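# Overview (structure and organization)
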Amino acid sequence: MAIEHAKQRKTFGELLSRRQAIQWMLADSEVELRAARWLTWEGGWKSDRGEDARMEASIAKLYSSEVLGRVIDRAVQIIDPARGETIYDPACGTAGFIVRAFEYVQEKINATVRDFAQRERATRELKEQHLFAVEKAPDVYKLGLMNMILHGHPTAEIWKGNTLAAPHFKTADDSLKTFDYVVANPPFSAKAWSTGFDPGNDKFHRFNLGVPPAKNGDYAFLLHAIKSLKSTGKAA
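Note that the structure is predicted; figures quoted are calculated from it, not measured. (Residues numbered from 1 in each chain as written. Predicted model: local features only at pLDDT ≥ 70, side-chain atom pairs only at ≥ 80, totals over all residues. Heavy atoms only, no water.)

A few words now on the nonpolar core. Across soluble globular proteins, nonpolar side chains have a tendency to be buried as a group. In this structure, Ile 87, Met 148 and Ile 158 are the most contacted members of the largest nonpolar core, which totals 27 residues. Taken together, the elements giving at least two residues each to this core come down to helix H3 (54-79), helix H4 (96-112), helix H5 (116-129), strand E4 (131-135) and helix H6 (138-150). Here this core takes 8 residues from H4, the largest share from any one element. Ignoring any residue separated from it by four or fewer positions in sequence, one finds Ile 158 in contact with Cys 92, Ala 95, Ala 133, Tyr 141, Gly 144, Leu 145 and Met 148. (Core = buried A, V, L, I, M, F, W, Y, C linked by side-chain atoms within 4.5 Å. Buried < 20%, exposed > 50% of the residue type's maximum accessible area, 1.4 Å probe, protein only. Helix = DSSP H or I, 4+ residues; strand = E, 2+ residues; numbered from the N terminus. Contact = heavy atoms within 4.5 Å.)

Laid out in structure tokens, this is it:
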């Protein structure tokens, strides 16, 4: 989605995708993601053959976690969220995307708002009114809260719950709340994504284009992200 955003967003009359710095960021992310994927597949291949894959699993886990941080940082820079815009992560994990998005917008506030009281007010509004996240796994949710606290953002809206079965952020008429940006790294090929609700009769109409396969929950999160965007919103 960061690639699609770069193909549409213009700065100083030129598409982001034509700027060499952006091209480097996208290329670096693609290379690193493919490398992480191949390392993971190597461990799975050895495990399927009944071989000891502990070293491969450790390497894949270490490299993938480091890659994720770098890719998150580049994606946030490319979508370029601004002060006053809302940011939502429907599967926030340890809140890496939300933390980086906060820091990115906070840097903009610090650079443009000179008055200390106004800067503090703008930062508090960013924490309390513009950042939204949900995580399903209880232990991971706690790590996300801890991550926000350690980065000085304890009042951000992070909730524990099942985004697909029971979306937390809704409007007064019980429809999905929409946001300026949706950032997410959802579970890959989740097998039990439809547990707790009937996707074919989804009251939020997220699957009108078709219900994702039972073993491909990442598509369900993608459709949820699309439905959670404002008409001018962007996702990454």
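Another aspect to go through is the layout of surface pockets. Empty space within the largest pocket amounts to approximately 1800 Å³. Residue lining of the largest pocket: 46 residues in total, with Leu 33, Leu 68, Ala 184, Asn 185 and Pro 186 positioned closest to the centre. For the lining of the largest pocket, the elements supplying multiple residues, two or more each, are helix H1 (2-8), helix H2 (20-48), H3, H4 and helix H7 (217-227). Take the lining of the largest pocket: its biggest share by element is 11 residues, from H3. Taken together, the residues of the lining of the largest pocket sort by class into 31 nonpolar, 8 polar and 7 charged. (1 Å grid on protein atoms, 1.4 Å probe; cavity = no way out; pocket = protein on both sides within 12 Å on 5 of 7 lines; lining within 4 Å. Points joined across faces, edges and corners; volume = space filled by probe spheres on them. Nonpolar A, V, L, I, M, F, W, Y, C, P; charged D, E, K, R; others polar.)

Relative to strand E5 (residues 157-160), E4 is paired through 4 bridges, and the arrangement is parallel. When the bridges of E5 are listed, Phe 132 appears paired with Glu 157. Handedness of the crossover joining E4 and E5 through H6 is recorded here as right-handed. (Pairing = 2+ DSSP bridges. Right-handed = clockwise from strand over helix to strand, strands pointing away.)

Here we come to the packing of aromatic side chains. Enumeration according to the criterion identifies 9 aromatic pairs in this entry. Here the aromatic rings of Trp 38 and Trp 41 are separated by 5.0 Å at their centres, their planes lie at 85 degrees, and the arrangement is edge-to-face. In this pair, Trp 38 and Trp 41 both sit in helix H2, 3 residues apart, roughly one turn of the helix. Judged by its relative accessible area of 48%, Trp 41 is partly exposed. Where Phe 132 meets Phe 169, the ring centres are 5.2 Å apart and the plane angle is 80 degrees; that geometry is what we call edge-to-face. On the criterion of sequence distance, the pair formed by Phe 132 in strand E4 and Phe 169 in the loop between E5 and strand E6 (179-182) is long-range, its members being 37 residues apart. In this pair, the class of Phe 132 matches that of Phe 169, namely buried. One aromatic cluster in this structure is built from Tyr 88, Phe 132, Phe 169 and Phe 179. (Phe/Tyr/Trp six-rings, centres within 6.5 Å; stacked < 30°, edge-to-face > 60°.)

With that out of the way, let us pick up a nonpolar patch on the surface. A contiguous nonpolar patch, built from Leu 143, Met 146 and Leu 150 and spanning about 330 Å² of accessible area, is present on the exposed surface. Position of Met 146 relative to the elements: it lies in helix H6. (Patch = residues over 30% accessible without salt bridge, like charges linked within 9 Å, V, L, I, M, F, W, Y side chains within 5 Å. Areas by Shrake-Rupley, 256 points an atom, 1.4 Å probe, with all protein chains shown as cover. Salt bridge = Lys/Arg side-chain N within 4 Å of Asp/Glu carboxyl O.)

Turning our eyes to something else, we now look at H5. Taking 1.5 Å as the rise per residue, H5 with 14 residues should run 20 Å; its terminal C-alpha atoms sit 20 Å apart, in good agreement. Taken together, the buried positions of H5 are occupied by Arg 119, Ala 122, Thr 123, Leu 126 and Lys 127. Buried residues in H5, looked at end-on, bunch into an arc of 135 degrees, giving them a common side. Among the structural elements, H4, E4 and E5 are those in contact with the buried residues of H5. (Expected span 1.5 Å × (residues − 1). Arc of directions from axis to C-beta.)

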